[in-house]
Amino acid sequence: MGRHLGVAVVGCGGISNCHTAALARIPDVRLIAAVDIDEARARDFVSRYGFETHATDLRAVLSRPDIEAVVVTTANDTHAPLSIQALDAGKHVLVQKPMALTLDEADQMIAAANRAGKKLMVSFFEFFHPAFKRAKEIVDQGLIGDVFLFKAIMAWYMPRMTAWRFDPKISGGGILMDGHVHHVAFFQWLLGDPPVESVYSEFGAMNSDARVEDTGVTIIRTARAIADISGSNRLLEPNAQSGRYFKEALEIFGSKGTIRINPTERPSLKVFSEAGEMVESLGGGWIAPRLEPSPPLERAYSNHFNPDENPWVDEHRHFADCCLNDKPVVSDGYFGRKVLEILMAGYQSGREKRAIRLPLVAAGATR
Ligand SMILES: NC(=O)c1ccc[n+]([C@@H]2O[C@H](COP(=O)([O-])OP(=O)(O)OC[C@H]3O[C@@H](n4cnc5c(N)ncnc54)[C@H](O)[C@@H]3O)[C@@H](O)[C@H]2O)c1
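In this text, all values refer to a predicted model and were calculated from it rather than measured experimentally.

Glancing now at the side chain of S171. Topologically, S171 is positioned in helix α7 (residues 168–171). Side-chain polar atoms of S171 contact the backbone oxygen of R165, separated by 3.1 Å. Only 3.0 Å separates the side chain of S171 from the backbone oxygen of G173, close enough to count as a polar contact. Residues within four places of S171 in sequence aside, it is in contact with N76, L101, W164, R165, M177 and V212.

Here we come to the nonpolar core. By size, the foremost hydrophobic cluster in this structure holds 114 residues, and its most contacted members are L58, V70, F150, F186, I252, I259 and I261. Among the elements that make up this core, the one with the highest residue count is helix α8 (residues 175–190) (10 residues). Taken domain by domain, this core gets at least three of its residues from each of domain 1 (5–124 + 326–331) and domain 2 (126–305). Leaving out residues up to four positions away in the same chain, F186 has contacts with E126, F127, F132, A135, F150, L250, I252 and I261.

Let us now look at α8. Across its 16 residues, α8 extends 21 Å between first and last C-alpha, which sits within 8% of the 22 Å expected from 1.5 Å per residue. Of all 16 residues making up α8, 16 are buried, and the element is well covered by its neighbours.

Take the sheet that holds strand β2 (residues 29–35) next. If you walk across this open sheet you meet the 6 strands as β3-β2-β1-β4-β5-β6, and the pairing is parallel. At either end of the open sheet lies a strand with only one pairing partner, and these are β3 (53–55) and β6 (120–123). Each adjacent strand pair in this sheet contributes to an overall mean axis angle of 25°, direction not counted. Sheet topology places strand β4 (residues 69–72) next to strand β5 (residues 92–96); 4 bridges connect them, and they run parallel.

On domain assignment, one finds that the protein chain holds domain 1 (5–124 + 326–331) and domain 2 (126–305). Using C-alpha coordinates to define each centre, domain 1 is positioned 26 Å away from domain 2. Across the contact, 20 residues belong to domain 1 and 21 residues belong to domain 2. For the domain 1 and domain 2 pair, buried surface summed over both sides reaches about 1700 Å², with 67% attributable to carbon and sulfur atoms. For the domain 1 face of the interface with domain 2, the top three residues by lost area are R25, K97 and F124, together amounting to 36%.

So, on to helix α9 (residues 312–325). For α9, with 14 residues, the first-to-last C-alpha span of 20 Å sits near the 20 Å given by 1.5 Å per residue. Counted residue by residue, α9 has 10 buried out of 14 residues, so it is predominantly covered. Downstream of α9 by one or two residues, D326 has phi in the positive range, about 45°.

Our next topic: the site of the ligand. Within the structure, the ligand sits among 23 residues, and D36, R41, N76, H79 and W164 are positioned closest to it. Within the side chain of D36, an N or O atom sits 2.6 Å from an oxygen atom of the ligand. For the ligand, whose accessible area on its own is 840 Å², the fraction buried by protein is 86%. Looking at the shell around the ligand, you find at least three residues from each of domain 1 (5–124 + 326–331) and domain 2 (126–305).

This part takes up the packing of helix α1 (residues 16–23) against α9. At a minimum axis distance of 8 Å, the contact between α1 and α9 shows a crossing angle of 65°. On the basis of the axis angle, α1 is roughly perpendicular to α9. As for the relative orientation of α1 and α9, their crossing is right-handed in sense. Facing α1, whose interface residues are C18, H19, A22 and L23, α9 presents W312, V313 and H316. By residue class, the composition of the contact of α1 with α9 is 5 nonpolar, 2 polar and no charged.

Basis of the calculations
- Note on numbering: residues in each chain are counted from 1, in written sequence order.
- This being a predicted model, a pLDDT of at least 70 is required before a residue's local features are given, and a value of 80 or more before pairs of side-chain atoms are given or counted; all residues contribute to the totals for chains, interfaces and linings.
- Excluding hydrogens and water, the side-chain figures rest on all heavy atoms present in the structure.
- A helix here means a DSSP run of H or I that spans at least four residues, while a strand means a run of E at least two residues long, and both kinds are numbered starting from the N terminus.
- Nitrogen and oxygen atoms within 3.5 Å of one another constitute a polar contact, given that in protein one can donate a hydrogen and the other can accept it, and given that sequence-neighbouring residues count only through two side-chain atoms.
- It only takes one pair of heavy atoms within 4.5 Å for two residues to be counted as in contact.
- Remark: nonpolar core denotes a set of buried residues (Ala, Val, Leu, Ile, Met, Phe, Trp, Tyr, Cys) joined through side-chain atoms within 4.5 Å.
- Exposed residues in this analysis have more than 50% of their type's maximum accessible area, buried residues have under 20%, and partly exposed residues fall in between, with area computed by a 1.4 Å probe over protein chains only.
- Marked domain ranges trace back to an automatic or database domain assignment.
- To estimate how far a helix should extend, the number of its residues minus one is multiplied by 1.5 Å.
- Think of it this way: DSSP has to see at least two bridges between two strands before they count as a pair.
- Note on definitions: angles span 0 to 180 degrees between N-to-C directions of axes, and those axes are lines fitted to C-alpha atoms, for helices only across the stretch in contact.
- The term buried area refers to how much accessible surface (probe radius 1.4 Å) is lost by two components on association, counted for both of them together.
- Note on definitions. A residue lies near a molecule or strand when any single heavy atom of the residue is within 4 Å of it.
- In short, Shrake-Rupley with a 1.4 Å probe defines the accessible areas, and a residue's cover is counted only from the protein chains shown.
- Oblique is the label for any angle not under 35 degrees, not over 145, and not in the 65 to 115 range, which are roughly parallel, roughly antiparallel and roughly perpendicular in turn.
- Here is the rule for handedness: rotate from the far helix to the near one, and if that takes an anticlockwise turn smaller than a right angle the crossing is left-handed, while a clockwise turn gives right-handed.
- Polar here means any residue other than Ala, Val, Leu, Ile, Met, Phe, Trp, Tyr, Cys and Pro, which are nonpolar, and Asp, Glu, Lys and Arg, which are charged; Gly is therefore polar.

Next comes the structure, spelled out in structure tokens:
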């Protein structure tokens, strides 16, 4: 029998179901502790996913040597303190996006990971979704030439604006922190993390009276490409897959072709390449590359993708493999910090009504 990675999950709320259902499917992972300040939620995770124990405070389980990794899926304001606690106790950490509320917190997390010599990975599910992954391979292979324009939108509808997401002290912001973060990360990953020259954002509570922005547009400028990233949590557009209000669409334009990603539609990936070379024609020169199927989860909390294009198992398999075999994670603390820096520049830009040049003055940890 191979070695197992003992895991504690801290934060047994909504998205944690995706993480935990995925972890439960990985033979190398042993689910040891479910932790939530709400004990009923922690207990529920024990019975639902088969954890060995539960706790209401992460500190209560960190002394266990058989817990080697902590998955942090709490609200944004606790990402840094809980991650640092876990790293200081010698555990690997996988933390949900956004990495932290400030660059200073992100720097402290990176320093803690370096001190401990442990993995710090920031969760960006797109990197493990078959359509997004294949899009990156297609760009890397040069099949659409040089990417010069990236357009993306992620949007959903929040009926009530009372949750922690709308308290700036807990969330750090609205749709930029919650939605744009995904496409900022994907854009940077897709293009090999190019230096960013400037960021410009417009945002506001445009369709609600929330205390944080419900809608925004962020423009990122690199030497060779411009990204136009939009989002809202007040958009009434049902998705084709489930009828729920969730929209995600990306267009990636290159000097030799175009890629479209629609994770709630089929095919979720469409490519037009002047170079041709691929089969499965959709007509008009468009093709739908074959995607590697990924295992669907029994509890599809997230209806953001087609069930067989679910990224969560692959993401956690990657994290477990990196922890057990000391391999580099795809999105480490430095990468998570870069994404946060772009978002912070976006907020500054919106406040000051001008484009902000990077790096920000409060320069922190760099590789
Ligand atoms: N990648 C994605 O698709 C995605 C989707 C949703 C949320 N998220 C991120 O995941 C995180 C959680 O979001 P959610 O919607 O699941 O929130 P949620 O409110 O449903 O769940 C958070 C849970 O954390 C618990 N908690 C809070 N502070 C704690 C602490 N100090 N110790 C232990 N437990 C604590 C809460 O009691 C709650 O059960 C956020 O950072 C959010 O940005 C990511």
